[in-house]
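Close look at the chain arrangement
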Amino acid sequence: MLKQIARISLFIMLFTSQLLFAQQSVRLNNNWEFLKQDLGGIWEAVRPVGMGNPEAVPLWQKVSLPHCVNAEDAVDPDVNYYQGPAWYRTQLNISNPYQNGRTILHFEGAGQKTEVYVYTTKVATHIGGYDEWKVDITDAVAAFKKTDVYQKQFKGKVPVSIRTDNSRDLEMIPSNLSDFNVYGGIYRYLNLVYAPAFSVDQLFAKAEVDAQGKLGKLSVKARFYDPAHVGGAGIKFKLVAPNGKIVRETDKKITLSDDLKLWEIEIKKPALWSTGQPLQYTLQYEVTATTGNYKGEEKIGFRHIEFVEKGPFKLNGKRVLLRGTHRHEDHAGVAAAMSEGMIRQEMQMMKDMGVNFIRLGHYQQSRIVLNLCDSLGIVVWEEIPWCRGGLGGNIYQQQAKRMLTNMVAQHYNHPAIIIWGMGNENDWPGDFPEFDKEKIRAFMKELNDLSHQLDPSRYTAIRRCDFCSDIVDVYSPSIWAGWYRGAYTDYKKASEDEFAKVKRFLHVEWGGDSHALRHSENPDKALSKIKTGGSADERAGDASLYGGAARISKDGDWSESYITNLIDWHLKEQENMPWLSGTAYWPFKDFSTPVRPDNPVPYVNQKGVVERDFTKKEAYYVFQSYWTEKPMVHIYGHTWPVRWGNEGEQKMVKVYSNCNEAEIFLNGKSYGSKKRNSQDYPAAGLRWNLPFVKGENTVKVIARKGKEMVTDEINFTYQTEKWTKPATLVLKKIDQQDDVATVEVKLLDEQGLLCLDAINWITFGLTGDGKLIDNQGTSSGSRKVQAYNGMAVIRVKLNQGQSVVAVHAEGLKTVFTTL
């Protein structure tokens, strides 16, 4: 009996290809039920239920996949996010078209421990929240179809139940000390796959070319899935060029063996994959066996990569400055469960900002992301989730090795990938009683050797673990000039000092937080308190908002005004560092984190250049002005409705543009043209001191690049009256679109003046038919938020009824408005 159960429980973690069994694969998005708690056992998920009977408890809710257990509670200001078991269940119509074919569940990612059941039979267990894996349910389905309940209770459908669990566990990676949520749920796509009894498990296509691009080499290996021991088969290959022409083809007989070499060819002067022209070949294949035919294809790219020792990065023999950012799998309202459409929008926004490099922090990410990096021309550092903490025991270490093996195998064919990351901040004590640098070094070396064994063609890297910097190929120290340490003017010197210590230097993670919609007339004021000229690296406790040395992360105003200055300075300097391989700003988008409950948006790391719902901050346009070619112009301050100062005082207006020159207009009057010079800080020389008039003002800019012209315009109020401290709250509805209203609260002093520097904590509440659109992790989507320039907003779903919104701020009288 045990042997029979073992056979039924057979499953394989497949290293999947770009088109996994494409012709017989379907996403299982709909008709799921979800339970945010544990069950007493699998029987509670499948037993017969009578309406109103005790068996109906606990109550399940209808959901669709992808789905994250922590879609909202990750940024709920009043609770710790849920970490524990959760269940999903559905009923499937299973009809495999292949005679003796295999029926498979293909998980693109689920967190963090997962169990899969067919009726009451457990068919698989998987540990690790970010790699792909596969469950063969063929035998379990066949056994279930022989039971009476198959027809009587389930009417010819097969019940599938899945338990996910993101409980805290010291013997798992990533560490729960990490600065991101360790999410639960089936938060990537789940596919039902039908395959013939003999099929391709993984195709490894290694495309190489010399630095001059004269000779390309393609080597193809395959790993087959053959649980029935079919044995021999035939395989056909076609290599199709980016222009659609067939370059080569072959047809051969094969006998099954591990990682079988199938095809090796040379191509003279192949079309090259680059960040500017990401040209890809298509490798098509078809397996012919007595069990049925199986087709698939892989996208590949010929490119040559080199991190020059003590020098820059070269792609196809030419220097490319890596202009990068980072991505967490996280979004407003869905957390990790981003749809393909959301992912496509996010990656296109990055490319439109000028990104040619991305570090995927801090775990293997969706195949959709990697496919988009290939097609958009974005080179990739992808890493395993050995993040923070020191080193756990054997179970912990085996998981890290397994996830590295899976990541390399599953994403081996992507031309975009240039670096495999071994870890992040592994110098962080506190996860275990023991913190032994030599043991961490020894394990880092094991991972580094394993990576080179699995894939000698790519580099290895880590970030911020100085005592392991000599082990990997490429090292990134921690440099947070102008945020966690020092001033941003320290950046270049700090980078030069770190560059001198290692073979190959690449700076990932720089920047700082900005509270979207908050602006400042004097953003650099706090820099006067900061010690400069020393190290700019982050130290223990620097991320805290309490105690320690003076630093902008604690003492600054968290305004968009400050962070645009910081970014502007960094980008200006990077253009004059010929030895620099590149950098990556941390991160592209705000994301949730359990370790920052006191941030202006609670539980959100606010360092992104876009908010958690894709709303662009002003910083996005600073990057565009340095990194893009298509003419653009942007006046700073689109979300700054009220500026302030003295009557007659000249106020700076900054314009971010990649155009050669720009002309500014205030209230219809020209104040002259200026030419762009990237080294003329700030705003590359495109800045004007203008005499605003009291009240309403309009600023317009016309910028030219060759024969092309682009314009931008903003409107704002200029306040000259001096306010005191907040005395009252004023709440009103300012907009309504269909069934969604927007309400705004303002903090006024005793004279009724808007307190433009007020940063009071604001708490929204609601009673009635409607619902606050909160727990979004954005400046305008949190019921508890710090004010930005004396105001805050939130939206309300009215549900076609009546509601009362309340606003509270400590020390002030609570106010209400009826919607």
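Residues numbered from 1 in each chain as written. Predicted model: local features only at pLDDT ≥ 70, side-chain atom pairs only at ≥ 80, totals over all residues. Heavy atoms only, no water.

A word on the overall build of the protein chain
Helix and strand counts for the protein chain stand at 12 helices and 46 strands. In terms of overall size, the protein chain behaves like a compact globule, its C-alpha atoms giving a radius of gyration of 28 Å where 819 residues would be expected to give roughly 28 Å. For the protein chain, with 819 residues in total, the buried portion stands at 61%. Across the protein chain, every contact between residues at least 6 apart in sequence was considered, and the portion connecting residues at least 24 apart equals 72%. (Helix = DSSP H or I, 4+ residues; strand = E, 2+ residues; numbered from the N terminus. Rg over C-alpha atoms; globule rule 2.2 N^0.38 Å. Buried < 20%, exposed > 50% of the residue type's maximum accessible area, 1.4 Å probe, protein only. Contact = heavy atoms within 4.5 Å.)

Some thoughts on the sheet that holds strand β17 (residues 292-300)
Either a parallel or an antiparallel arrangement is found when strands of a sheet pair, and the pairing is made through backbone hydrogen bonds. As summarised here, the arrangement of the 4 strands in space is β14-β13-β16-β17, forming an open sheet in which the pairing is antiparallel. Edge strands, defined here as strands with exactly one partner in the open sheet, are β14 (246-254) and β17. On average, each strand axis in the sheet is inclined to that of its neighbour by 15°, with strand direction left out of account. (Pairing = 2+ DSSP bridges. Axes fitted to C-alpha atoms, helices over the stretch in contact; angles between N-to-C directions.)

Description of the packing of aromatic side chains
All chains considered together, the criterion is met by 41 aromatic pairs. With a centroid separation of 6.1 Å and 80° between ring planes, the pair formed by Trp640 and Trp644 is classed as edge-to-face. For Trp640, a relative accessible area of 5% corresponds to the buried category. Owing to a relative accessible area of 15%, Trp644 belongs among the buried residues under this scheme. These aromatic residues form a ring-pair network of at least three members: Trp483, Tyr488, Trp558, Tyr562, Trp569 and Tyr681. Looking at Arg676, its charged tip hangs above the ring of Tyr626, at a distance of 5.0 Å from the centre. (Phe/Tyr/Trp six-rings, centres within 6.5 Å; stacked < 30°, edge-to-face > 60°. Lys NZ or Arg CZ within 6 Å of the ring centre and 35° of its normal.)

Examining the nonpolar core
Where a protein is soluble and globular, its nonpolar side chains tend to be buried together. Core analysis: the largest hydrophobic core is formed by 162 residues, its most contacted members being Met347, Trp386, Ile567, Val609, Ile762 and Phe764. Setting aside its immediate chain neighbours within four residues, Met347 contacts Arg327, Ile358, Val369, Leu372, Cys373, Leu376 and Ile378. If you look at the next biggest cluster of nonpolar residues, it comprises 42 residues, including Leu28, Val63, Val123 and Trp133. (Core = buried A, V, L, I, M, F, W, Y, C linked by side-chain atoms within 4.5 Å.)

What about the packing of helix α11 (residues 560-574) against helix α12 (residues 619-627)?
Closest axis-to-axis distance for the α11/α12 pair is 9 Å, and the angle between their directions is 15°. Between α11 and α12, the interaxial angle falls into the category roughly parallel. Of the two elements, α11 crosses α12, and the hand of that crossing is right-handed. When α11 is examined against α12, the residues Ile563, Thr564, Ile567, Asp568, Leu571 and Lys572 are found in contact with a partner set consisting of Ala619, Val622, Phe623, Tyr626 and Trp627. A breakdown of the residues in the contact of α11 with α12 according to their chemical character gives 8 nonpolar, 1 polar and 2 charged. (Parallel < 35°, antiparallel > 145°, perpendicular 65-115°, else oblique. Left-handed = near helix turned anticlockwise from the far one by under 90°. Nonpolar A, V, L, I, M, F, W, Y, C, P; charged D, E, K, R; others polar.)

A short note on the sheet that holds strand β36 (residues 687-691)
Taken in spatial order, the 3 strands make up an open sheet running β31-β33-β36, and their pairing is antiparallel. Edge positions in the sheet fall to β31 (633-635) and β36, since each has one partner strand and no second. Ignoring which end each strand starts from, the neighbouring axes of this sheet average 30° apart. When strand β33 (residues 650-657) meets β36, the two strands line up antiparallel, connected through 5 bridges. Paired with Lys654 across the bridge in β36 is Arg687.

Topic: the state of the cysteines
Counted under the stated rule, the structure contains 0 disulfides. With no disulfide partner, Cys68 has as its closest neighbouring cysteine sulfur the one in Cys387, 17 Å distant. We classify Cys68 as buried; its relative accessible area is 1%. Cys465 carries a free sulfur, and the closest cysteine sulfur to it, the one in Cys468, is 3.8 Å from it. Residue classification places Cys465 among the buried residues on the basis of a relative accessible area of 0%. (Disulfide = S-S within 2.5 Å.)

Regarding the confidence of the model for the protein chain
Residues at a pLDDT of 70 or more form 96% of the protein chain, whose mean pLDDT is 94. Taken together, the stretch residues 1-22 has pLDDT below 50 and engages in 71 contacts with residues farther than four places along the chain or on a different chain. (pLDDT = per-residue confidence, 0-100.)

Let's talk about the pairing of strand β46 (residues 815-818)
Here β46 shows a clear split, with Val815 and Thr817 buried on one side and none of Phe816 and Thr818 buried on the other. The pairing of strand β45 (residues 803-808) with β46 spans 4 bridges and is classified as antiparallel. Following the sheet pairing, Val805 is matched in β46 by Thr817. Counted between consecutive antiparallel strands, the loop separating β45 from β46 contains 6 residues, among which Gly811 sits at a positive phi close to 85°.

Let's talk about the side chain of Lys607
Mapping Lys607 onto the fold places it in the loop between β30 (604-605) and α12. Lys607 gets classed as buried once you look at its relative accessible area, which sits at 1%. In terms of polar contacts, Lys607 uses its side chain to reach the side chain of Tyr484, at 2.8 Å. Those residues within four positions of Lys607 in sequence are excluded, and the remaining contacts are Trp480, Trp483, Tyr484, Gly512, Asp513, Tyr585, Trp586, Pro587, Asp590 and Arg596. (Polar contact = N/O pair within 3.5 Å; in protein donor to acceptor, adjacent residues only side chain to side chain.)

Some thoughts on unusual backbone geometry
Both trends apply: most residues other than glycine have a negative phi, and most peptide bonds are in trans. A cis amide bond links Gly111 to the next residue, Gln112, at an omega of -10°. Positionally, Gln112 belongs in the loop between β5 (102-107) and β6 (113-118). The step from Trp586 to Pro587 runs through a cis peptide bond, and the omega angle for that step is -25°. Relative to the assigned elements, Pro587 resides in the loop between β28 (582-585) and β29 (591-592). A positive phi is found at Asn775, a non-glycine position, where the angle reads about 55°. Examined against the element boundaries, Asn775 turns out to sit in the loop between β42 (771-772) and β43 (784-786).

Concerning the side chain of Asp76
Mapped onto the secondary structure, Asp76 falls in the loop between β3 (61-63) and β4 (85-92). Judged by relative accessible area, Asp76 falls into the buried class, the value being 12%. Within the structure, the side chain of Asp76 is placed 2.7 Å from the side chain of Arg783, a separation counted as a polar contact. Once residues lying within four places of it in the same chain are set aside, the contact partners of Asp76 are Tyr603, Asn775 and Arg783.

Quick word on the environment of Leu192
Mapped onto the secondary structure, Leu192 falls in strand β10 (residues 190-195). The spatial distance from the C-alpha of Leu192 to the C-alpha of Arg327 is 28 Å, given a sequence separation of 135 residues. In this structure Leu192 touches Gln24, Ser25, Val26, Leu28, Asn93, Thr103, Ile104 and Leu105, once residues within four positions along its chain are discounted.

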